[in-house]
Amino acid sequence: MGESNGAEYVSVGEVHSPRADNLRKVSVLPLVFLIFYEVSGGPFGVEDSVGAAGPLLALVGFLVFPLIWSVPEALITAEMGTMFPENGGYVVWVSSALGPFWGFQQGWMKWLSGVIDNALYPVLFLDYLKSAIPAVGGGLPRIIAVLVLTAVLTYMNYRGLTIVGNVAVALGIFSILPFVVMGIIGIPKVKPARWLEVDLHTVDWNLYLNTLFWNLNYWDSISTLAGEVKNPKKTLPKALFYALIFVVLAYFFPLLIGTGAMPLDRELWTDGYFSTIAKILGGVWLRWWIQAAAAMSNMGMFVAEMSSDSFQLLGMAERGMLPEFFAQRSRYGTPLVGIFFSASGVILLSWLSFQEIVAAENFLYCFGMILEFLAFVRLRVKQPAVPRPYKIPVGTIGAALMCVPPTILILVVLALSTLKVFLVSLAAIAIGLALYPGLKYIEKKGWLKFSSSADLPDLHGPQRSSDSLIDEPVLRT
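Residues numbered from 1 in each chain as written. Predicted model: local features only at pLDDT ≥ 70, side-chain atom pairs only at ≥ 80, totals over all residues. Heavy atoms only, no water.

**Digging into the packing of helix α5 (residues 90–98) against helix α6 (residues 100–118)**
Argument step 1. For the pair α5 and α6, the least separation of the axes is 7 Å and the interaxial angle reads 155°. Overall, the two elements α5 and α6 adopt an arrangement that is roughly antiparallel. The element α5 and its partner α6 pack so that their crossing is right-handed. Residues Tyr90, Val91, Val94, Ser95 and Leu98 of α5 touch α6, and the partners they reach there are Pro100, Trp102, Gly103, Gln106, Gly107 and Lys110.
Argument step 2. Within the contact of α5 with α6, the residues separate by chemical class into six nonpolar, four polar and one charged. (Axes fitted to C-alpha atoms, helices over the stretch in contact; angles between N-to-C directions. Helix = DSSP H or I, 4+ residues; strand = E, 2+ residues; numbered from the N terminus. Parallel < 35°, antiparallel > 145°, perpendicular 65-115°, else oblique. Left-handed = near helix turned anticlockwise from the far one by under 90°. Contact = heavy atoms within 4.5 Å. Nonpolar A, V, L, I, M, F, W, Y, C, P; charged D, E, K, R; others polar.)

Dropping the structure here:
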């Protein structure tokens, strides 16, 4: 995937700090499943791609789209995440390249996008559960269920990232196994000619592209907890590579079996149709297994997303972008205040509909990704001599060209947004633009304490001729 060297970087996750060094770090396998849940969680929700465009475009989409979007994003995350192996991730990248103002805007948009995304999962979990417990389908029982479920999953995040990682592994295996079984049962019934069905005149391009985009983004989210990873300069690129293969197979194989084994009726291909296919191919027991897997997958996505969101706030506080209390850790090493704020945001936004959630988070996410691409290219130009433990094997021009296809895709997604989503998203961006000077004013007045961790390298101060961020005494203050 790229080049690697042995440079040792100063970061909050690797310095000799009691609060960091005494905690267990995340290894490759849990990290793979955390990335899996940040990005995917399984093939739940990809059914709309067939309903929108038919089998051929759905299958081609989940093979081609990763090359246009997922691979560049994962490669950039690997390079930048090992260049800055600290909590905060993409906020630190953008701050280093474009300055703290834009770094803060990146943090605001990405955090809000993540919280909006996370508000979806308790709701989807209850949607699967209501077939067995109709009472949670609406009204006060549903509200109570959302609150209780959010509290339980939030407590899991509070107890530690290693617990979250181990839970992600267990839930991931449980969620994927029924599709392996469905595939084995369904292979004899597959008719390859069904894969080629397409009608370009009836394609819903907005739904098709949003489905692909929503199911194949967020590769950069894992960067916000890079400081909690064991030997991130080697572990992070490996985990991203394995997770990329895992995610593509987890989408493509069930689609291949489902579209090949069933006669095409595009109206039936909506959320949850895989459970119907499972019943037809394997029986009621397989349907229940897939429904249970879907419910558990939402739990996995919730805890993974909250981990990234809360550690991002901790990383921003350690860079002096947020008040110092955001850097406070629990006795389990987890970002106490960040978890509280992220959980509060989830509860406040859980009333939104599925379509509004997906559209709003995609819009904000797109703006954040544009800043990441700019930061990636600018750092290649501005600091070409800085050692990168993992480096994409292309030059500066190649790095810029690599960002062109996903940028075009971003512009298409933004152009297809509805006016309501556009206005709501612009309002959210405007809040971020006002928050930064507001926090600076609070800091100037001394109403809240802001401080940067002395263990982190200076992103904006004068650097030596090599512009190196490597671990040397001159950089430790």
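So, next bit.
**Digging into the environment of Ile68**
Argument step 1. Structurally, the position occupied by Ile68 is in helix α4 (residues 55–83).
Argument step 2. Separated by 338 residues in the primary sequence, Ile68 and Pro406 place their C-alpha atoms 5.9 Å from one another.
Argument step 3. Leave out the neighbours within four places in its chain, and Ile68 touches Pro405 and Pro406.

**Points about the confidence of the model for the chain**
Should pLDDT be low for a region, the predicted coordinates there are not to be read in detail.
Argument step 1. Taken over all residues, the pLDDT of the chain has a mean of 87, while the share at 70 or more is 89%.
Argument step 2. Overall, residues 3–19 carries pLDDT values under 50, and its contacts beyond four positions in sequence, including any with other chains, amount to 58 contacts.
Argument step 3. This model gives residues 462–477 a pLDDT under 50, and the stretch forms 34 contacts once residues within four places in sequence are excluded. (pLDDT = per-residue confidence, 0-100.)

**Here we look at the nonpolar core**
Generally speaking, soluble globular proteins have nonpolar side chains that are buried together.
Argument step 1. Membership of the largest hydrophobic core comes to 143 residues, with the highest contact counts inside it found for Leu31, Ile35, Trp69, Met182, Trp219 and Phe376.
Argument step 2. No other element matches helix α13 (residues 284–318), which puts 15 residues into this core.
Argument step 3. In contact with Ile35, not counting residues within four places along its chain, are Trp219, Ile222, Ala239, Leu240 and Ala243. (Core = buried A, V, L, I, M, F, W, Y, C linked by side-chain atoms within 4.5 Å. Buried < 20%, exposed > 50% of the residue type's maximum accessible area, 1.4 Å probe, protein only.)

**Examining the pattern of salt bridges**
Argument step 1. Under the counting rule described, the total for this entry stands at eight salt bridges.
Argument step 2. The residue Glu372 makes a salt bridge to Lys110 at a minimum N-O spacing of 2.6 Å. Taken as a pair, Glu372 in helix α15 (residues 354–382) and Lys110 in helix α6 lie far apart in primary sequence, 262 residues in all. Of the two residues, Glu372 and Lys110, neither departs from the other in class, the shared state being buried.
Argument step 3. A salt bridge links Lys449 to Glu324, with the shortest nitrogen-to-oxygen separation between them at 3.8 Å. Note that Lys449 is positioned in the segment after α18 (419–445) and Glu324 in the loop between α13 and α14 (336–349), a separation of 125 residues in sequence.
Argument step 4. For Glu324, a relative accessible area of 32% gives the class partly exposed. (Salt bridge = Lys/Arg side-chain N within 4 Å of Asp/Glu carboxyl O.)

**Quick word on helix α8 (residues 139–158)**
Argument step 1. Over its 20 residues, α8 extends 29 Å from the first C-alpha to the last, a length consistent with the 28 Å expected when each residue adds 1.5 Å.
Argument step 2. Contacts from the buried residues of α8 go to α7 (120–129), α9 (161–186), α13 and α14.
Argument step 3. With its phi angle positive at about 140°, Gly160 sits one or two positions after the end of α8. (Expected span 1.5 Å × (residues − 1).)

**Side note on helix α17 (residues 404–415)**
Argument step 1. Given a rise of 1.5 Å per residue, 12 residues ought to cover 16 Å, and the 17 Å separating the end C-alpha atoms of α17 matches this to within 8%.
Argument step 2. Among the residues of α17, Pro406, Leu409, Ile410, Val413 and Leu414 are the ones counted as buried. Across the axial projection of α17, the buried residues extend over an arc of 135°, all falling on one side. Every exposed residue of α17 that faces more than 90 degrees away from the buried side is listed here: Leu411 and Ala415. (Arc of directions from axis to C-beta.)

**Regarding unusual backbone geometry**
Argument step 1. Positive phi, close to 75°, is recorded for Tyr218, a residue that is not glycine.
Argument step 2. Its location among the elements puts Tyr218 in the loop between α10 (205–215) and α11 (232–261).
Argument step 3. Residue class for Tyr218 comes out buried when judged on its relative accessible area of 4%.
Argument step 4. Unusually for a residue other than glycine, Asn231 sits at a positive phi of about 45°.
Argument step 5. Summarising the element assignment, Asn231 is placed in the loop between α10 and α11.

**Some words on the packing of aromatic side chains**
Argument step 1. On inspection of all chains with the given rule, the structure shows 30 aromatic pairs.
Argument step 2. Judged by centre distance (5.8 Å) and plane angle (85°), the rings of Trp269 and Phe274 are edge-to-face. For the pair Trp269 and Phe274, one class covers both residues: buried.
Argument step 3. An angle of 25° between the planes, with centres 4.8 Å apart, marks the rings of Phe325 and Phe326 as stacked.
Argument step 4. Note on Phe325: relative accessible area 35%, which makes it partly exposed.
Argument step 5. Take Phe326: its relative accessible area is 7%, and that puts it in the buried class.
Argument step 6. Grouped by ring-pair contacts, the aromatic residues Phe65, Trp69, Phe213, Tyr218, Tyr365 and Phe373 constitute a single cluster. (Phe/Tyr/Trp six-rings, centres within 6.5 Å; stacked < 30°, edge-to-face > 60°.)

**Points about the packing of α13 against α14**
Argument step 1. Look at α13 against α14: their axes get within 8 Å of each other, and the N-to-C directions meet at 125°. Relative to α14, the element α13 lies oblique. For the element pair α13 and α14, the recorded crossing hand is right-handed. Here Phe302, Met306, Asp309, Ser310 and Leu313 of α13 come into contact with α14, specifically with Gly338, Ile339, Phe341, Ser342, Ala343 and Val346.
Argument step 2. Residues of the contact of α13 with α14, tallied by class, amount to seven nonpolar, three polar and one charged.

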